[in-house]
Amino acid sequence: MYRDLKLYIDGEWIEGSDTIDVINPAIGESLGKLPLATPAELDLALQSASTAFATWRTVSPVERGRVLRRAADLIRERVDRIASLLTLEQGKVLAEARSEVLASAEIFDWFAEECRRSYGRVIPSRDARTRQFVVLEPVGPVAAFSPWNFPAVAPARKVAAALAAGCSCILKPSEETPATALELALALEDAGLPKGTLNVVFGVPDIVSRHLIASEIIRKVSFTGSVGIGKHLARLAADGLKRVTLELGGHAPVVVCADADVEQAARLTAAAKFRNAGQVCISPSRFFVHQDVQERFLDAFVGAARDLKTGDGMAGDSTMGPVANERRLSAMNTFLEDAVEKGGILQCGGQHTGNRGFFFEPTVISDVPGDALIMNNEPFGPIAPVAPFADLDELLSRANGLKYGLAAYVFTQSTASATRLSNGIEAGMIGVNHLAISHAETPFGGVRDSGMGHEGGIEGLEAYMQRKFISQI
Ligand code: NAD
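Residues numbered from 1 in each chain as written. Predicted model: local features only at pLDDT ≥ 70, side-chain atom pairs only at ≥ 80, totals over all residues. Heavy atoms only, no water.

A few words now on the side chain of Arg3. Structurally, Arg3 is set in the segment before β1 (7-9). When its relative accessible area of 13% is taken as the criterion, Arg3 is described as buried. Within the local environment of Arg3, its side chain forms a polar contact with the side chain of Glu183, the two groups lying 2.7 Å apart. Sequence-distant contacts of Arg3, defined by excluding residues within four places in its chain, comprise Arg81, Leu85, Ala179, Leu182, Glu183 and Leu186. (Helix = DSSP H or I, 4+ residues; strand = E, 2+ residues; numbered from the N terminus. Buried < 20%, exposed > 50% of the residue type's maximum accessible area, 1.4 Å probe, protein only. Polar contact = N/O pair within 3.5 Å; in protein donor to acceptor, adjacent residues only side chain to side chain. Contact = heavy atoms within 4.5 Å.)

So, in structure tokens, the structure goes:
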């Protein structure tokens, strides 16, 4: 059911010599062998991206859009197959994998349309004989690094925007979830993308990123992943003054005020919290619930967590899959032990289940103190820490007390509290009374340690373009 894994360089599908295993997280066994690029193959990808850029940048936005739209159609036609590959290698349940694949097609559609509108401007001149223009141009070949938690959407956001802008791209998807990204590359190839415009490589991440970012050919770096690696790549990019977009995860506070629709807040946030077993950078992950409604919130939230059925994502009745790898499993055990040791009360879950694979029950811990590890580090897994608050001033300083600033969620029926909290919380995206904050057409990005720049929206295209001022007499 899995696919052959290859490198995709200069329009060729290459076997490679050194390989590593890709593991199915529901079973803990190998799905296939992934080839790792040699330095010579990385150089080939760089040359190919450089040559292809010279042509692709001259292709009109209308034609670039046609290719991207065809790719989107092919992704939709192939959704069942791609979703199965995604679930096999990443673990999320098939229904989620399908929505993710369809969302990636929508991202290609959005950028296919938006690139026609990469308008510059005309600036009135001081001299009647002179015309002054600002035009937008593609920034150049891109090195893009995407993570394992969204094997379709994360590469799509980078690749669709880069190609729409007229850039060529070398994508290094996560070595843990390679097949989905290769399917996107295949859809683009079948849609008529010229060879070398997109290359897909795998390898030892540190070796690949150093090699690509050091090259004169690369003009832009885009990374989604952990804060530490993001900062490391930003330092590498600074040497060549290369543009950088970083999407580095967060630790989203959820504020449930006393006047909120508490049961609705619990139902919506539980669905979002346990989506993809909590491995979502905008996952609601620090729950601050007003002390007067904490009991009601916990009843509904714990009930929703208990209703989930953890199991192999390929099985039709599973509603939450395994975590993606052994590292996440051991992180969950550490977070749980630490929180309970510091006074947190385990409300449900807390066990690694099954005799194979990386399953961890949907877990809720209440009364978690502020110094618990899980209140300070992104959980990236199915544990929800809940803590009471008494007033909004105190709450705001706790919500803003970490260096993260990606997403935040507020539940209240008071316009005054909604305004105060959405103004006061330091985050790149805020959902008030709902959690739908990520669409193809809306800017996605964080502040502080959560990153810089945006993906999605008109900002997502601009990230791959640079301005040129032309004064003509
Ligand atoms: P990690 O830091 O080892 O890797 C994170 C991602 O970066 C992976 O996709 C990995 O392939 C890539 N990577 C690692 N080193 C790299 C390098 N030198 N050059 C280029 N890419 C590199 O962490 P992990 O164990 O895979 O994930 C753990 C943490 O990472 C999570 O707790 C979460 O905080 C963060 N994370 C965030 C996102 C996100 O959507 N922002 C996605 C995945 C992981």
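Here we come to the sheet that holds strand β6 (residues 131-138). As a general point, the strands of a sheet are linked pairwise by backbone hydrogen bonds and lie either parallel or antiparallel. Within the open sheet, the three strands sit side by side as β5-β6-β22. Their pairing is antiparallel. Each edge of the sheet is formed by a strand with only one pairing partner; in this case those strands are β5 (121-123) and β22 (465-472). Taking each pair of neighbouring strands and ignoring which way they run, the sheet shows an average axis angle of 25°. Both β6 and β22 contribute to a ladder of eight bridges, which runs antiparallel. Counterpart to Val134 in the pairing with β22 is Phe469. (Pairing = 2+ DSSP bridges. Axes fitted to C-alpha atoms, helices over the stretch in contact; angles between N-to-C directions.)

We now examine helix α1 (residues 39-56). Since the α-helix packs 3.6 residues into each turn, any two residues three or four apart lie on the same face. Taking 1.5 Å as the rise per residue, α1 with 18 residues should run 26 Å; its terminal C-alpha atoms sit 25 Å apart, in good agreement. Looking only at α1, the buried set comprises Glu41, Leu42, Ala45, Leu46, Ser48, Ala49, Ala52, Phe53 and Trp56. (Expected span 1.5 Å × (residues − 1).)

To continue, consider the environment of Arg210. Checked against the element boundaries, Arg210 lands in helix α7 (residues 205-214). Expressed as a C-alpha distance, the spacing of Arg210 and Leu233, which sit 23 residues apart in the sequence, is 8.1 Å.

Reading across from one edge, β14-β17-β18-β13-β12-β19-β20 is the order of the seven strands in this open sheet, with mixed pairing throughout. Each edge of the open sheet carries a strand with a single partner, namely β14 (345-348) and β20 (429-432). Between one strand and the next, the sheet's axes are offset by a mean angle of 20°, whatever the strand orientation. Pairing analysis gives four bridges linking strand β13 (residues 284-290) to strand β18 (residues 383-389), with the strands arranged parallel.

Another point: empty space enclosed by the protein. This structure, assessed with the given rule, holds three cavities of 30 Å³ or more. Roughly 50 Å³ of internal volume is contained in the largest cavity. As for the largest cavity, its lining consists of 13 residues, and the residues nearest its centre are Pro253, Tyr404, Gly405, Ala407 and Glu426. By residue class, the composition of the lining of the largest cavity is eight nonpolar, three polar and two charged. (1 Å grid on protein atoms, 1.4 Å probe; cavity = no way out; pocket = protein on both sides within 12 Å on 5 of 7 lines; lining within 4 Å. Points joined across faces, edges and corners; volume = space filled by probe spheres on them. Nonpolar A, V, L, I, M, F, W, Y, C, P; charged D, E, K, R; others polar.)

Let's shift gears to the environment of Pro173. Position of Pro173 among the secondary structure elements: in the loop between β8 (169-172) and α6 (178-190). The spacing of Pro173 and Ser397 is 224 residues in sequence and 37 Å in space, taken between C-alpha atoms.

This brings us to the site of the ligand. Lining the immediate surroundings of the ligand are 24 residues, of which Trp148, Ser209, Ser226, Arg327 and Glu378 lie closest. In this structure, an oxygen atom belonging to the ligand sits 3.2 Å away from a side-chain N or O atom of Asn149. Contact distances for the ligand include 3.2 Å between a nitrogen atom and a backbone N or O atom of Gly249. When the ligand sits alone it has 800 Å² of accessible area, and the protein chains cover 85% of it. For the shell around the ligand, the secondary-structure elements that each account for two or more residues are α7, β10 (220-224), α8 (227-239) and α11 (326-341). (Near = heavy atom within 4 Å. Areas by Shrake-Rupley, 256 points an atom, 1.4 Å probe, with all protein chains shown as cover.)

In the structure shown here, the tally under the stated rule is six aromatic pairs. Note on Phe274 and Phe301: the rings are 6.0 Å apart at their centroids and 40° apart in plane angle, and the pair reads as tilted. One end of the pair, Phe274, is in helix α9 (residues 262-274); the other, Phe301, is in helix α10 (residues 294-307), and 27 residues separate them in sequence. Taken together, the ring pairs connect Phe274, Phe287, Phe297 and Phe301 into an aromatic cluster. Lying across the ring of Phe150, Lys92 places its NZ or CZ 3.8 Å from the centre. Over the face of the ring belonging to Phe444 we find Arg157, whose NZ or CZ atom lies 4.1 Å from the ring centre. (Phe/Tyr/Trp six-rings, centres within 6.5 Å; stacked < 30°, edge-to-face > 60°. Lys NZ or Arg CZ within 6 Å of the ring centre and 35° of its normal.)

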